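Structural overview
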Amino acid sequence: MPEAGRVRNKVALVTGGASGIGRATCIRLAQEGATVVVADLNQEQGKKTVSMMAAGGSFIELDVTSETRWQELIAQVITEFGQLNVLVNCAGIGISGVFEETRLQDWQRIMDVNLTGLFLGCKHAVLAMQQAEPINGSIINISSIAGVVGGGDIAAYSASKGGVTTLTKSVALSCAERGMNIRCNSIHPTYVDSEMLDPIVEFYPDRDAMRAAMSENIPMGRMATPEDIANSVLFLASEESSIMTGATMMVDGGTTAGVTSKHSSD
Ligand SMILES: NC(=O)c1ccc[n+]([C@@H]2O[C@H](COP(=O)([O-])OP(=O)(O)OC[C@H]3O[C@@H](n4cnc5c(N)ncnc54)[C@H](O)[C@@H]3O)[C@@H](O)[C@H]2O)c1
């Protein structure tokens with residue numbers, strides 16, 4: 001483990017911090033010296049994340065789809081901690097099924113949480129970050145491999161995550177072109193062994209069987225852990241990535257690298 005302190009003196013806000021990738025991210029950023037604000041719908045689990053973090057931090061309830069709550073939350077962060085340096089937009093939901101059977105209300109809900117919620121986060125973070133002197137911000141948007149390639153049974157999810165991919169690049173350019181040192185990058189995990197996959201376990205004899213089946217689709221032969229993704233977030237949050245903006249960072253064990261050569265040995 002590298003020496004602690006890679007994000008020392010930074011204030012980070014992590015949505016979806018009550019579970020999975022978001023929780024691992026909160027723990028990792030705190031371990032490296034950041035003050036972390038955990039934001040989520042789930043109060044009980046969000047507070048549990050705070051108790052798992054090395055350094056001080058706090059939990060604030062947030063529904064990412066509410067612009068009013070975003071405004072209140074960011075104002076509270078500035079009042080309590082004086083600045084906002086890092087926003088990790090991690091809150092998200094998934095649905096799957098046959099494309100033409102997707103209900104409009106499910107399509108709208110996934111767009112609201114995964115894309116509109118993330119847009120609101122970027123908007124209010126940029127407004128807050130540009131008030132700082134000097135300006136130094138990093139926004140990290142958690143997309144998915146489904147944000148760069150389609151998925152036959154996850155059309156709505158994939159469309160929402162594709163929106164995240166290009167919104168990220170637009171925010172990055174908008175800030176860079178105006179000379180604001182606010183970076184915006186997206187991370188694209190392959191399957192991550194988190195609570196989000198709990199509903200999928202029922203299609204297999206048990207969780208290990210699900211892991212084995214999913215791992216077969218990943219050239220490196222294993223699913224990602226929440227900690228794998230948290231380490232990538234840490235890099236983008238730190239000054240180590242200070243020239244990176246608008247990047248599409250694949251953290252996918254080679255899933256989207258191309259076709260595998262398995263056929264040549266058949
Ligand atoms: N697990 C995977 O295989 C995987 C793969 C690629 C990308 N992702 C993405 O990573 C992110 C985190 O996924 P995870 O696996 O940790 O999922 P998770 O289900 O473990 O955690 C998601 C968190 O988001 C919160 N949340 C949901 N709706 C919210 C809302 N409206 N407002 C505030 N918080 C809300 C939930 O309460 C939960 O704590 C998601 O954006 C997901 O799409 C996950």
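It should be emphasised that the depicted structure is a prediction, and the values quoted were computed from it without experimental measurement.

Glancing now at the environment of Gly97. In this structure, Gly97 sits in the loop between strand 4 (86-89) and helix 4 (104-129). Overall, Gly97 belongs to the partly exposed group, its relative accessible area being 31%. Considering only alpha carbons, one finds Gly97 and Ala155, 58 residues apart in sequence, at a separation of 8.2 Å. Look past the residues within four positions of Gly97 in its chain and what remains in contact with it is Gly152, Asp153 and Ile154.

Turning our attention to the side chain of Asn141. Structurally, the position occupied by Asn141 is in strand 5 (residues 137-142). When its relative accessible area of 0% is taken as the criterion, Asn141 is described as buried. Apart from residues lying up to four places away in sequence, Asn141 is in contact with Asn89, Leu118, Cys122, Val164, Thr168, Cys184, Asn185, Ser186 and Ile187.

Structurally, the chain comprises domain 1 (11-189 + 226-251) and domain 2 (197-223). The distance between the C-alpha centroids of domain 1 and domain 2 comes to 25 Å.

On to empty space enclosed by the protein, then. Enumeration according to the criterion identifies 1 cavity of 30 Å³ or more in this entry. What the largest cavity holds in volume is close to 30 Å³. Around the largest cavity sit Thr15, Val64, Asn89, Cys90, Ala91, Val113, Gly117 and Leu118, which together line it. Of all the elements, helix 4 adds the most residues to the lining of the largest cavity, at 3 residues. Broken down by class, the residue content of the lining of the largest cavity amounts to 5 nonpolar, 3 polar and no charged.

Turning next to the pairing of strand 3 (residues 57-61). Taken together, the 5 bridges between strand 2 (residues 35-40) and strand 3 define a ladder with parallel strand orientation. Note that in strand 3 the partner of Val38 across the bridge is Phe59. Traced from strand 2 through helix 2 (residues 43-52) to strand 3, the parallel crossover comes out right-handed.

So, how was this worked out
- Residues numbered from 1 in each chain as written.
- Predicted model: local features only at pLDDT ≥ 70, side-chain atom pairs only at ≥ 80, totals over all residues.
- Heavy atoms only, no water.
- Helix = DSSP H or I, 4+ residues; strand = E, 2+ residues; numbered from the N terminus.
- Buried < 20%, exposed > 50% of the residue type's maximum accessible area, 1.4 Å probe, protein only.
- Contact = heavy atoms within 4.5 Å.
- Domains from an automatic or database assignment.
- 1 Å grid on protein atoms, 1.4 Å probe; cavity = no way out; pocket = protein on both sides within 12 Å on 5 of 7 lines; lining within 4 Å.
- Points joined across faces, edges and corners; volume = space filled by probe spheres on them.
- Nonpolar A, V, L, I, M, F, W, Y, C, P; charged D, E, K, R; others polar.
- Pairing = 2+ DSSP bridges.
- Right-handed = clockwise from strand over helix to strand, strands pointing away.

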